[in-house]
Amino acid sequence: MAQHHAHDGHDHAHSHDHGHDHGHSHDHAHHHDRDAALAAGHGPSAMECCAHHELKGEKWIIPLLLGAILLITAFVARMSGVSDEVAAIPAFIAAICLGLPLFYAACQELMRGKPSSSVLAGVAILAAMAVQRYETAGWLAFILLFADQIVRRTASGAQRAIEALVNLTPDTARVVRDGEEAVVSLAEVRVGMTVRVRPGENLPVDGRVSSGRSTINQASLTGEAAPVEVQAGEDVYAGTTNLTGNIDLEVTQVGADTTIGKVSQLIREAENTRTSKQLLIEQVAGFVVPVALSVAAVAWFIKAQSADALVRADAAITAVTVLVVACPSALLLASPSALVAAFAAAARLGILIKKTEFLEGAANIDAVVLDKTGTITTGKFEVSRLAPAEGVDGAELLRAAAAGEQHSNHPLAQSILTTARAARVEVEASSDYEEIHGRGVRAHTPMGEVRVGRASWLRELSPHIHGQVEAVERNIEGMTGVHVMLGDRYLGAVGLEDRVKPGTRQVMEKLRELDVRTIAIFTGDRLSVAKRVGVAIGADSIEAECLPEEKHEQIRAMVREGKRVMMVGDGINDGPSLAEADVGVAMGLSGSDIAANSAGIALMTDDLNRIPFLMQLARRTRVIVGQNIAASIVIVVIGLVLAATGTLAVPLAAAYHFAGDVFVIANSFRLFRFGENFVHDAEGEAMAPARREASIRGLRTQVA
């Protein structure tokens with residue numbers, strides 16, 4: 001898991017797989033427009049727990065309006081003293097018209113083999129009509145349909161969350177061809193095109209800046225209030241806002257393949273996913289229908305045997321109320337409504353959860369393994385020292401290192417090349433370039449064969465350099481070393497350093513408060529470097545100088561021990577380890593595709609403070625689901641008792657029918673607001689003025 005960049009690696013273990021394996025197995029359907037994005041994933045979802053929740057009012061508008069008018073007519077006629085026989089005619093037709101949608105929904109449930117609320121409602125309406133209580137049947141159908149539309153619209157939070165994300169992406173893009181701008185539909189934009197974005201506009205695509213400089217607000221993806229500066233060569237993302245300057249982008253992803261498109265798809269999948277817990281709930285809910293029918297039959301039979309004529313007359317209505325209140329829809333909504341809200345809350349802070357089981361798994365974590373470079377540290381290396389071997393000139397060392405690294409995208413390689421350019425060192429062309437996984441690189445140059453990478457790799461190839469390597473390593477103690485050989489001659493090492501991210505120790509303390517018992521650092525870097533970082537953040541254990549396969553095996557061993565492991569990394573070498581852990585978390589928008597695809601959760605930011613928030617959200621979601629299940633069962637039981645004893649009138653029973661739904665949805669959607677304080681605190685920090693050297697804060701307190 002910690003497959004940390006092998007650049008962490010001891011002497012640069014250059015596990016340079018940078019990007020070469022990007023097999024981009026993107027299975028995303030290319031929906032290139034907003035309608036396609038919203039249309040994707042249709043079909044019965046877990047949130048549509050009963051068939052009548054799927055009814056669309058537009059389809060039934062004519063019978064519903066006719067039924068409502070006739071029902072009101074029957075009511076007015078009866079109040080006006082018209083005979084019951086005459087008033088029953090419009091009431092009968094109204095009951096049929098209003099009952100049609102529910103009868104249709106009941107048939108759908110029966111055909112699926114999953115009778116639920118619609119079946120109970122349909123039987124209740126037919127029972128009321130069977131005893132010639134047509135007006136009662138009509139009002140029952142009307143209240144059920146009206147209340148259902150309210151609940152249905154309230155419960156469409158997932159769809160609204162998706163629409164809000166999709167709406168951040170414009171419908172059109174300004175494509176540049178031969179220097180000329182043309183505004184085209186987003187559906188016409190293809191990867192490789194150049195798109196121009198002006199200040200104040202949202203980006204329509206994912207892309208790489210080809211020209212221009214600007215400031216981008218990425219809050220829609222990362223939850224970070226502070227904008228980021230971008231220039232040529234940097235990646236930018238659809239749905240974010242260009243604030244200050246004109247920029248041209250080379251399109252890299254369009255439509256559903258963009259980062260924000262993936263977030264939308266994951267929220268939609270959360271709505272449609274049936275977890276093992278949900279499947280169990282559905283099995284339990286399946287017993288509610290026969291139980292309700294049995295209770296209704298018993299209640300009718302007991303009252304029908306009463307010596308009191310009034311009690312006997314109410315027997316059928318009592319059975320009807322039992323059927324109405326025994327709706328299991330709240331129980332079926334208990335889990336999916338909470339999961340949808342949790343996914344949306346996570347997405348708002350730039351946490352992209354791929355499957356519901358990863359959210360559930362995050363609630364149980366007791367061991368966190370962290371990559372070092374780019375995860376705990378900034379990943380922005382700077383050359384701190386050139387340590388040439390005896391008899392070697394520093395410029396020669398840097399020239400050879402740059403020649404070997406010039407074709408690599410590895411962060412250490414880029415830092416060495418930047419330093420070489422700044423020092424005006426001529427980098428000679430190389431050929432036959434080869435990256436050796438977890439070890440380093442080999443290339444042929446006019447100077448000869450250059451090998452750049454881990455000290456351990458070079459010692460394997462040339463054991464005679466052992467003493468020279470040890471002498472050089474004493475000069476770069478605590479730094480990440482990239483060792484260089486030219487032919488059989490050892491030239492020395494380039495020492496690089498990066499810094500621990502601010503606030504990392506506070507994040508570790510928060511993890512302790514959340515009962516994480518083990519915090520470990522797995523890195524390919526040298527032990528001295530890893531120890532310095534481990535002490536700085538308060539880690540429990542360190543596995544240094546690890547090859548990618550060794551990190552993977554370490555994670556596997558922790559899982560076998562019974563630890564519930566979360567792995568946090570951001571490099572290509574982290575891919576297998578991220579997949580092996582119970583929960584794999586890939587860091588940052590710039591993280592490699594392999595790591596992002598291997599991890600169950602991706603963070604659209606490099607801030608580690610999202611990790612404790614994720615665990616808190618997962619645990620809160622688990623509590624909410626438990627509350628929903630308990631409340632929905634209690635509400636059904638209370639309703640059955642009240643209905644069986646004749647305490648509830650039919651109209652009240654119809655309203656009570658939705659009491660559980662309303663509670664569950666309202667309780668679940670509290671998760672939408674979970675983390676608002678987190679966002680506000682981040683915004684407050686971003687808005688706070690920077691502290692200058694010539695400034696004093698809290699002066700009055702100091703003077704006192």
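Scroll up for the structure.
Note that the structure is a prediction, hence the values are computed from the model and not measured. Per-chain numbering applies: the sequence of each chain, read as written, is numbered from 1 onward. For this predicted model, a pLDDT threshold of at least 70 governs which residues receive local features, and a threshold of 80 or more governs which side-chain atom pairs are given and counted, while totals over whole chains, interfaces and linings are taken from all residues. Neither water nor hydrogens contribute to the side-chain values; these are computed over all heavy atoms in the structure.

Student: Please provide a residue-by-residue account of unusual backbone geometry, values included.
Tutor: Positive phi, close to 60°, is recorded for Arg-424, a residue that is not glycine. Relative to the assigned elements, Arg-424 resides in the loop between helix 17 (411-422) and strand 13 (431-436). Throughout, exposure labels follow a simple rule: accessible area from a 1.4 Å probe, protein chains only, divided by the maximum for the residue type, with under 20% read as buried, over 50% as exposed, and the rest as partly exposed. On the accessibility criterion, Arg-424 (79% relative accessible area) is exposed. The backbone of Asp-432 shows a phi angle near 50°, a positive value even though the residue is not glycine. By the criteria applied, helices consist of DSSP H or I runs no shorter than four residues and strands consist of E runs no shorter than two, each listed in order from the N terminus. Secondary-structure assignment places Asp-432 in strand 13. With relative accessibility at 57%, the residue Asp-432 sits in the exposed group.

Student: Break down the pairing of strand 21 (residues 583-587) for me, with residues and values.
Tutor: Extensive coverage of strand 21 is indicated by the burial of five of its five residues. Residues of strand 21 alternate between two faces, with Val-583, Val-585 and Met-587 on one and Gly-584 and Ala-586 on the opposite face, all of them buried. Relative to strand 21, strand 20 (residues 565-569) is paired through four bridges, and the arrangement is parallel. In the strand pairing of strand 21, Gly-569 is matched with Ala-586. Strands pair, by our definition, only if DSSP identifies at least two bridges between them.

Student: I'd like a rundown of the pattern of salt bridges, residues and numbers included.
Tutor: Salt bridge, as applied in this entry: a Lys or Arg side-chain nitrogen positioned within 4 Å of an Asp or Glu carboxyl oxygen. Under the defined criterion, the tally for this structure stands at 20 salt bridges. Between Asp-366 and Arg-564 there is a salt bridge, and its shortest N-O distance comes to 3.5 Å. Of this pair, Asp-366 sits in the loop between helix 14 (356-362) and strand 11 (367-371) while Arg-564 sits in the loop between helix 22 (548-560) and strand 20, and the two are 198 residues apart along the sequence. Residue Lys-510 is joined to Glu-513 by a salt bridge in which the shortest nitrogen-to-oxygen separation is 3.6 Å. Note that Lys-510 and Glu-513 are positioned in helix 20 (residues 504-513) at a spacing of three residues, about one turn of the helix.

Student: With reference to specific residues and values, describe helix 3 (residues 84-112).
Tutor: Here, expected helix span is obtained from the residue count minus one, scaled by 1.5 Å. Counted at 1.5 Å a residue, the expected span for helix 3 with its 29 residues is 42 Å, and the 40 Å between its end C-alpha atoms agrees. Given a residue, its bend is the angle between the two axes fitted to the seven residues that end at it and to the seven that start from it. In the structure, helix 3 departs most strongly from a straight axis at Gly-99, where the bend amounts to approximately 45° and where the proline Pro-101 lies between one and four residues downstream. Downstream of helix 3 by a residue or two, Gly-113 has a phi angle that is positive, lying close to 80°.

Student: An account of the nonpolar core is needed here, citing residue identities and associated values.
Tutor: Residues grouped as a nonpolar core are buried Ala, Val, Leu, Ile, Met, Phe, Trp, Tyr and Cys residues, joined through side-chain atoms within 4.5 Å. With 50 residues, the main nonpolar core has Met-566, Val-568, Val-585 and Leu-614 as its most contacted residues. A per-element tally of this core places helix 13 (residues 329-348) first, with ten residues. Of all hydrophobic cores here, the second largest spans 38 residues; its members include Ala-141, Ala-319, Val-325 and Leu-648.

Student: An account of the sheet that holds strand 1 (residues 172-177) is requested, with residue identities and associated values reported.
Tutor: Ordered in space as 2-1-3-9-4-7, the six strands form an open sheet in which the pairing is antiparallel. The open sheet terminates on both sides in strands that have one partner only, identified here as strand 2 (180-185) and strand 7 (235-236). Both strand 1 and strand 2 contribute to a ladder of six bridges, which runs antiparallel. Looking at the pairing, Val-176 lines up with Glu-181 of strand 2.

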